[in-house]
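For reference, the chains in residue letters:
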Amino acid sequence: MRRLLTVGRMFLAVLASALCCGAIAAASASALEERQATGPAFGSFSRATGIAVDQSDGDVYVADGGEDEQLQVFGSEGGAPVGGGPASFDGSNTPSEAFGFRGEPVGPAVANGKVYVPNVGKNLVDEFALNGMKEYEFTCEITGVDANGPSCLGQADTGSEFREPLGAALDSAGDLYIADYGSATVYEFDPAGEEVQSFASPLLGSPQFVAVDATGDVYVQSYDKNLVEFKRSSLTGEAQEAVQIAEGVTGVAVDRATGSVFVDLGYMIEELDASHKVVETFGLGSVNGGLGIAVNEATNVVYMVNESGISRFGQPVLVPGVDTGSASEVDRTSATLEGVVDPDGLATTYHFEYGTTAQYGSSTSASSAGAGTEGVSVDAVLTGLKTETVYHFRVVAENENGMKFGADETFETGGAVEGILTGQADDVLATGATLNGSLEPNGFDTHWFFEYGLSEAYGSNTPSQDAGEASETVNLQATVTGLEANTTYHDRIVASNESGVSYGLDETFTTLPVPPVIEGVPGVSEVTRSSATVRATVDPKHSITSYHFVYVEDSQYEPAADDPYAAGGAGMPVSAGAGASAETVEQLLSGLKPGTTYHYTVVAINQSGRASGADETFTTAAGTPPTAVTGSSNEVAQNGATIDGVLDTNGLPTSYGFEIGTSTDYGPPTGLGSVGAGLNEAQVSLALSGLQPGTTYHYRLTATNVDGTSYGADETFTTSVFASTFATPPAPLPFVAVPSIAFPTQPKAVVKKSATKKKPRRKSEAKKSKGRKQARRKKRK
């Protein structure tokens, strides 16, 4: 496969190069034979979908597949059709539906009084013929190829084979060709409606438009814009292997009289000879978005249809040669445009088009370039232009055969004030700088000032000053203050005179950085027994800044020292950003001591230095040691007892124990245990063993957390005395403690009250009891 590189494309490449670099030489202009658009475009369509020419009378047929759904017919010059035929018809007399072409008519074919209209919505092709009244009548409906031959009206139809037919063509023998998009095939039918052969190839893809030359070679444009040729065997007439000959094609037509193939490339049309070489390009600039082309073989006129209507291109004629030159003598408001025009023996006029875009909009008056046979230099003077403005221009030449446009060129007018130059700022400080520049008044009363700001939108300016009317360069200087530190600023000169306003180029400078600023300490909050949240206000002054808090206990604070917080701690450094305004920052200090006064301050650091805030203080909440309440004793025996108590954790993990002894000196705690921070009141108890009989013991509950230890009140109990008949018990064993904790089921546990102590019996009652015991012993004896 090869892509057709045409002369037209090469011409565009050269033209683009010339537009870019101004490389077209003025002396190279020469006259050319070109097809010219003849007359304005004609016709109006809701959506054109194909075009054909009746070679018998030159009428032009356009399928309109939009809302109108009709076939429009025009004369060869754009007027009414020849012989008083219909201007359009919608196929409403077709038998398939009462709505005619509903379903979108597309690329038609016409010859010998018959018109074939593919209908992509109905997957068929309608045939119409002119009657004696110059009206089209439906004659046949072709739905494809089946076992019974063509499916025309009145014949058996076993089912449609067309799948979205898009284009039709007729050859010199009257054979009909249908480009069927859905089946990726082009079908050929003879005049009797019998299928002759079909054309398909992997190169083809989905066919859209089809054309046939005088030798029977078939040209097919695919929906994806490839152009493929199927050559015929000179012996058998069968199609040979397909050859792709072009890309980017939106329409194809064949002039069987000359053998030329016309290819619509969307932006211009190329004429190819039998060997596929380009012999002509035309329509550049006037052909856009082509929707089909056709050719009148008798007149060699090419028709192209697009959304704007139908354009006509006649036979090649001699038009002037033109070359756009350069602009000279360009100043503030004027310029001289130059070019070359070659009349080539025909009376020729020229003018220049110009404007601030390539659509121009203005033109000079027409002037004569004569009727010579060589290129002549032409020019025009422009005045009243805008200062400091880019203008587009081109030379346009015209003779009796048509108009020729030169390439687009540009120039830029000078500034109202000449020699304007923005210099580099100096004496740049943290909040100010001196701006510099220069200009040349050149005899005009000139005023100037500097614009400056954080972007090229500026926003601020210095006072306007008079530069006078001097002819030499005047140096300019202005001081600006109130700037932000470590910030990049833009500046430029703005100068004006009677011709207008001119601007110097943009320059930049960056102010110096400064240390951060601490703007007071907002205070402290959320102070607890062991933590506090401290805050401060830090202004980074446009430099990347970090901060942290330092703190120390009041007892360790040394105001006169270089670092009064040296004995304390510091929070982790945190970024404060690089903003332009003060921000409140904070840190949580934890692990503090309860009931303690702390000194603290904030320290902020950036590339230019550090800053510290004022000294501030806070005092943590008082400590909360647990509460211990010694409970009662019970189950007191000769060598054992159970003691209990209640403790309140005050929200901190707490350990506890009982101190026991024969005096208030007690002994080391026993029955050690712990309770979590989540409990407020907890009942605890301890079973004692190995006690001395008849002995009074002192005991109390102790409880400890991080904030301290609490002691319950002293309580006592006395163990029972053993009888004298019993052997003296062995030496007492050590205490055996079995702690027992009864956890409350309510949010606030109720301390279990100790059992009411039994009152001691009076001595008389004791004697009576002793007497009864002795009587029982004697009786047993």
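Scroll up a little and you will see the structure.
Summary of the structure given here. (Residues numbered from 1 in each chain as written. Predicted model: local features only at pLDDT ≥ 70, side-chain atom pairs only at ≥ 80, totals over all residues. Heavy atoms only, no water.)

Focus on unusual backbone geometry
The cut-off we apply is this: Numbered from the N terminus, helices here are DSSP runs of H or I no shorter than four residues, and strands are runs of E no shorter than two. Between buried and exposed lies partly exposed: a residue is buried under 20% and exposed over 50% of the maximum accessible area for its type, with that area taken using a 1.4 Å probe on protein chains only.
With a phi close to 70 degrees, His276 is a non-glycine residue in the positive phi region. Turning to its location among the elements, His276 is positioned in the loop between β22 (269-272) and β23 (278-282). On the basis of relative accessible area, His276 is assigned to the buried category, the value being 10%. Of note, the phi angle at Asp344 is positive, near 50 degrees, even though the residue is not glycine. Mapped onto the elements of the fold, Asp344 is located in the loop between β29 (335-342) and β30 (348-355).

Thoughts on the pattern of salt bridges
We count it as follows: One speaks of a salt bridge when a side-chain nitrogen belonging to Lys or Arg is within 4 Å of a carboxyl oxygen belonging to Asp or Glu.
Per the counting criterion, the structure on display carries 16 salt bridges. Across the salt bridge formed by Glu280 and Arg35, the nearest N and O atoms sit 3.2 Å from each other. On the criterion of sequence distance, the pair formed by Glu280 in strand β23 and Arg35 in the loop between β1 (32-34) and β2 (48-53) is long-range, its members being 245 residues apart. Of the two residues, Glu280 and Arg35, both sit in the buried class. Linking Arg394 and Glu353 is a salt bridge whose minimum nitrogen-to-oxygen distance equals 2.7 Å. Here Glu353 lies in strand β30 and Arg394 lies in strand β34 (residues 390-399), a separation of 41 residues in the sequence. Like Arg394, the residue Glu353 is buried in the burial classification. Taken together, the salt bridges that share partners define one network made up of Arg35, Glu271 and Glu280.

So, the packing of aromatic side chains
Geometry of an aromatic ring pair is reported as the spacing of the ring centres plus the angle between the planes. Condition: Pairs were defined over the aromatic rings of Phe, Tyr and Trp, the Trp ring being its six-membered one, requiring ring centres within 6.5 Å. Orientation was assigned from the angle between planes: stacked under 30 degrees, edge-to-face over 60, tilted for the rest. To sit over a ring, a charge needs its Lys NZ or Arg CZ within 6 Å of the ring centre and within 35 degrees of the ring normal.
According to the stated counting rule, one finds 23 aromatic pairs in the structure shown. Taken together, a centroid distance of 6.2 Å and an interplanar angle of 85 degrees make the contact between Tyr350 and Phe352 edge-to-face. This pair shows no difference in class: Tyr350 is buried, exactly as Phe352 is. Residues Tyr600 and Phe618 carry aromatic rings whose centres are separated by 5.6 Å and whose planes lie at 55 degrees to one another, so their mutual orientation is tilted. Linking Tyr600 in strand β53 (residues 597-606) with Phe618 in strand β55 (residues 616-619), this pair joins segments that are 18 residues apart in sequence. The residues Tyr600 and Phe618 share a single accessibility class, namely buried. Among the aromatic residues, ring-to-ring pairing joins Tyr547, Phe549, Tyr551, Tyr598, Tyr600 and Phe618 into one connected group. When the ring centre of Phe282 is taken as reference, the NZ or CZ atom of Arg35 above it lies at 5.3 Å.

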